[in-house]
Amino acid sequence: MHYKRRENVEMPGVLCMTTDIMHLVGNISDLLISLWRGTFDHTVDDDPANWPWAVLSNEEVWRAHGNAVEHAGHLLPSSYDRKPHNIAEKINTQYKTWEFQLYIFGLAPILLYGTLPLVYWRNYCKLVRGFQIMCQSTLTKEELLDAHALLCSWEHEFELVYYKLCESRIHFIRPCVHQVAHLVSEAIHKGPPICYAQWTMEHTIGNLGEQIRQPSKPFANLSREGMQQCQVNSLLSIMPELDDSNNGLPHGSVDLGNGYILLHKCSKNATIPHGDKAATISQFLGPGHLLPRIKKWAQLCLPNGQIARSA
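Overview of the structure. Predicted model, so just to flag it, every value in this text is computed and none were measured. (Residues numbered from 1 in each chain as written. Predicted model: local features only at pLDDT ≥ 70, side-chain atom pairs only at ≥ 80, totals over all residues. Heavy atoms only, no water.)

A short note on the packing of helix H7 (residues 141-163) against helix H9 (residues 183-190)
So, point 1. Running from amino to carboxyl end, H7 crosses H9 at an angle of 150°, the nearest separation of the two axes being 9 Å. As summarised for this structure, H7 and H9 are arranged roughly antiparallel, according to the angle between their axes. When H7 is examined against H9, the residues Leu144, Ala147, His148 and Leu151 are found in contact with a partner set consisting of Leu183, Val184, Ala187 and Ile188.
So, point 2. Classifying every residue of the contact of H7 with H9 gives seven nonpolar, one polar and no charged. (Axes fitted to C-alpha atoms, helices over the stretch in contact; angles between N-to-C directions. Helix = DSSP H or I, 4+ residues; strand = E, 2+ residues; numbered from the N terminus. Parallel < 35°, antiparallel > 145°, perpendicular 65-115°, else oblique. Contact = heavy atoms within 4.5 Å. Nonpolar A, V, L, I, M, F, W, Y, C, P; charged D, E, K, R; others polar.)

Some words on the pattern of salt bridges
So, point 1. Taken as a whole and judged by the stated rule, the model has five salt bridges.
So, point 2. Its salt-bridge partner being Arg174, residue Asp30 comes within 2.7 Å of it at the nearest N-O pair. Here the residue Asp30 occupies a position in helix H2 (residues 21-37), and Arg174 occupies one in the loop between H7 and helix H8 (175-180), the gap between them amounting to 144 residues.
So, point 3. Given the relative accessible area of 27%, Arg174 is considered partly exposed.
So, point 4. Ionic pairing is found between Glu186 and Lys190, a salt bridge with its closest N-O pair at 2.9 Å. Placement of the pair is Glu186 and Lys190 together in helix H9, with a separation of four residues, close to one helical turn.
So, point 5. For Lys190, a relative accessible area of 24% gives the class partly exposed. (Salt bridge = Lys/Arg side-chain N within 4 Å of Asp/Glu carboxyl O. Buried < 20%, exposed > 50% of the residue type's maximum accessible area, 1.4 Å probe, protein only.)

Considerations on the pairing of strand S2 (residues 260-266)
So, point 1. The sheet contact formed by strand S1 (residues 254-257) and S2 spans three bridges and is antiparallel. The partner of Val254 across the bridge, within S2, is Leu262.
So, point 2. Once S1 ends, the chain turns through two residues before running back antiparallel as S2, passing Asn258 with a positive phi of about 60°.
So, point 3. Where S2 and strand S3 (residues 297-301) come together, four bridges link them in antiparallel fashion. (Pairing = 2+ DSSP bridges.)

Overview of the packing of H2 against helix H5 (residues 97-111)
So, point 1. Orientation of H2 relative to H5, taken along the N-to-C sense of each, is 55°, at an axis distance of 9 Å. In terms of orientation, H2 lies oblique with respect to H5. When you trace H2 past H5, the crossing you get is left-handed. Contacts between H2 and H5 involve Met22, Val25, Gly26, Ile28, Ser29, Leu32, Ile33 and Trp36 from the first element and Thr97, Phe100, Gln101, Tyr103, Ile104 and Phe105 from the second.
So, point 2. Split into classes, the residues belonging to the contact of H2 with H5 amount to ten nonpolar, four polar and no charged. (Left-handed = near helix turned anticlockwise from the far one by under 90°.)

Printed below as a string of structure tokens:
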């Protein structure tokens, strides 16, 4: 009996599966932190003390790093939600997936600069940038191409610099390493992964649950609320003119253009700055410019929708 080989055949069941970036964050975080701390499973002849990437294996260095993570969390805007705790103290007890996301894809690239050897740090930054792109709610073709190049390059280099084709280290290449490279193809078929991530789904279920007013038949009511919301979304997608929500600016705000909006409160009178503030503003304006009168504002809406608040 002869079998004919078929090339490039997509299994129907494969396209119905989705990549959950929420749990992918947890798996990637566990992999990288275990390697950097030197706690990864290893053979007898492969001592973590000889791993050049195990820069957090020293207990004092690890604790200092944890303190730096906690301190950096205080500087994050409130829109980032849960700020990461001291990872050296809470990693095995209270660390949440969102904290791992902020740590691995936000803080660690900065905190490990100069600590993690350059070849490993550059490889790590490719993962960070590619993953940051894939966490956006909208993706352009150019961004998908950039993310695909970065993530595929990270996966290939990860195997070369960590695994090094050693049989004793083949377990370094966990499934999550290969899964990262499939994020772009998943987005092409199903849209941005953030739209069907686990925490997006949990947040949606919470929003629908808040709309239930009758204690009887809660699951039937939840299903009905979900169906009604889908119907409304479909109508607004087909006929945007039906959306009568108020998208105007708040009273008293000032549109600065390019997505920047000053928000209340503000000082009643404009004043000329003095001291260090005056020196900083003069340096920014350059020579030949007189110091203007300045009015202080409490909040600034940024183009990404976040609100920056003054001290």
